[in-house]
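What follows is the residue order along each chain.
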Amino acid sequence: MSLILGIDTGGTFTDIVVWDSAQNRVLQKAKAFTTPHDLAIGIKNCMDALDLTACRSLSAVHLSTTLMVNAILEDRPPKIGILLIGTHLSKKLPVAVKYELTRYRYHDSHKRFSANPATSRHLIQLFDEACPQVLVSACGTNYQDLKKSATIYLKSLLRSEIVCCSHIAANSDFYQRTLNAVTAIGAIPLITKWTASITSVIRKHGIYAPIRILTNTGSLVSPDQAIADPLSTIMSGPAASFIGSRCLTKEKDYLLLDMGGTSLDITRVIERNTRFRTIDTPVGNYAFHIKALDLQCFGTGGDSQIKLNSMGDIVVGPAKAVPLCVLGSQYPHLASELDKYRLPEGYDLCTATETDCFFLHQDVSHVTLANDEREILQLLSEGAHSLFFLANYFGVDADFLHLDRLLKKGYVGRACLTPTDILHAEGSFNRWDSQTSTVGLSLLASRKGCAPAEFIKEVKTFITNQLSFFCMQSIASFEEESFRFSDSQATMYLIEKYLHDRHGFVTSDFSIQKPIIGLGAPAKAWLPAVAKKLHAQLSLPEDGDVACAIGAAAGREE
């Protein structure tokens, strides 16, 4: 019997399976919360739930993760700066700081670059404190020499590590070269931390089988290879989902929907295979020129933030948070705190939402902080608190609590109303504390001017329509159509008629002729309504909640 340990680290859960590769079956499985501040904790909690006597004869340990793709989907840029020389770039980049330098001096014959004193001072102010790493990217006929000279200049100017984009990515297209370099250098510490955490935990459990990581294409590489080529694993999780689906269903042609805590990944499977694409692989707001499975990723999952925008409309995702019910099960006082300390009459929040609650994520006794930040952390060390409790306690406006830096650095975590809370509030799912979910929901329902039951119905309809729209857009993409429905007012008119079931002179319809295979922990709660909306047959396989761990285990060496 050849046993493989499959480990998938997702944004919400870490899943582990003991996989019998000879019989293609799961012998054991375990699930625990992913702990981003210290990944080893979640991995250890998962390992502790297994019967480790069966793990002594493991032939390999296979890993997959959505950590990198989730960071892109949630638009959580790493602490990286980018200096663009000689160009204006309107396209977005996942960086903390971007600066376009169009006025500079460059002596071609001496290969010498410089900027005027005012610009130099501005660069120091912009990058030195905020960005431990600064990438340099230039365009033009002599961009290689220009970039090298600028790198030398910046090294003399800044304390940050200065890196040439072309040393990381060699794509001929300026934007793609820059995007790939930024993404790669941001992914390296994630992969390093993740693999080190897993190695540490399994070694303590006496497991010394070789470790391999699933790539974007479903092949396996060593941790060192993954670190050397980090872009090869940013779509590791979705690739594991596809392989896992083939292990869990006998269907030949199907639309695969994998719904996790952070995202919905959609893949078209034909004759039990899927295509690869090497250009314009879409991930959230970005399109990468990397070889990966032909799939679509959308930032809506079971733990997506639910809020009301300035117009009072429901918004779900792409930001992710801890569900109120989960935090409330650990801190029972949150329900009464949310109910007591509310949004003042006539007050509009700029960045936060009224259901926000905050908790201490990690020990920060060694970190240099401002006095007000230190006071907040001291209070949170005693227990989690709601936004307006904190505002009342410190006697400040809720928008001026200075929580942004603490959240970005991972010192503080945030909980708010999520789709998981909707299920708890309506009573269809009761794993954690329903009371906190109910109070949080009542806050948004009151602001929207409707009863809680009506608000639940509106949110569930919104999520169903949003997921259905993602499926419709994905099918067009899988049929090699490059347009986006949202770019056409006429198309969106018809789609809105269909999704919202509006009656009038014009109606439209949409159906999927192939079955839907639903995977992921939230799939059972949310995908039946989507399949009904799209007139499609839905299958929810057994062990679909750990499909990515199965897919990782079933991956093959090239």
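Scroll up to find the structure this text is about.
This section reports on the structure supplied with the text. (Residues numbered from 1 in each chain as written. Predicted model: local features only at pLDDT ≥ 70, side-chain atom pairs only at ≥ 80, totals over all residues. Heavy atoms only, no water.)

**Here we look at the nonpolar core**
Then, in step 1: The biggest cluster of nonpolar side chains holds 82 residues, and the ones touching the most others in it are L5, M47, V61, L135, I202 and M235.
Then, in step 2: Among the elements that line this core, the one with the most residues is helix α6 (residues 174–204), at 13 residues.
Then, in step 3: Those residues in contact with M235 that lie beyond four places of it in its chain are V69, N216, T281, V283, I290, A292, L295 and C297.
Then, in step 4: L308, L327, I475 and I512 belong to the second-largest nonpolar core, a separate cluster that totals 54 residues. (Core = buried A, V, L, I, M, F, W, Y, C linked by side-chain atoms within 4.5 Å. Buried < 20%, exposed > 50% of the residue type's maximum accessible area, 1.4 Å probe, protein only. Helix = DSSP H or I, 4+ residues; strand = E, 2+ residues; numbered from the N terminus. Contact = heavy atoms within 4.5 Å.)

**Overview of the packing of aromatic side chains**
Then, in step 1: Throughout the structure, instances matching the rule amount to 10 aromatic pairs.
Then, in step 2: A centroid spacing of 5.3 Å and a plane angle of 85 degrees characterise the contact between Y341 and F389, whose relative ring orientation is edge-to-face. With Y341 in the loop between α10 (334–340) and β23 (357–360) and F389 in helix α12 (residues 387–394), this residue pair connects regions lying 48 residues apart in the sequence.
Then, in step 3: For the ring pair F389 and Y393, a centre distance of 6.0 Å and an interplane angle of 25 degrees mean the geometry is stacked. Residue F389 and its partner Y393 are both found in helix α12; the two are separated by four residues, about one turn of the helix.
Then, in step 4: Here a set of aromatic residues connected by ring pairs shows up, and it is made of F13, F33, F429 and W432. (Phe/Tyr/Trp six-rings, centres within 6.5 Å; stacked < 30°, edge-to-face > 60°.)

**So, the sheet that holds strand β22 (residues 322–323)**
Then, in step 1: One open sheet accounts for four strands, arranged β22-β25-β23-β24; its pairing is mixed. Of all the strands in the sheet, just β22 and β24 (385–386) have a single pairing partner and so form its edges.
Then, in step 2: When β23 meets strand β25 (residues 412–416), the two strands line up antiparallel, connected through four bridges. The partner of C357 across the bridge, within β25, is A415. (Pairing = 2+ DSSP bridges.)

**Quick notes on the packing of helix α1 (residues 39–48) against α6**
Packed helix pairs are characterised by how far apart their axes lie and by the angle those axes make with each other.
Then, in step 1: Put simply, α1 and α6 touch, their axes get as near as 9 Å, and they point 40 degrees apart. Of the possible angle classes, the one that applies to α1 and α6 is oblique. Where α1 crosses over α6, the handedness of that crossing is right-handed. Residues L39, A40, I43, K44 and M47 of α1 touch α6, and the partners they reach there are K193, W194, S197, I198, V201 and I202.
Then, in step 2: Residues belonging to the contact of α1 with α6 are distributed by class as follows: eight nonpolar, one polar and two charged. (Axes fitted to C-alpha atoms, helices over the stretch in contact; angles between N-to-C directions. Parallel < 35°, antiparallel > 145°, perpendicular 65-115°, else oblique. Left-handed = near helix turned anticlockwise from the far one by under 90°. Nonpolar A, V, L, I, M, F, W, Y, C, P; charged D, E, K, R; others polar.)

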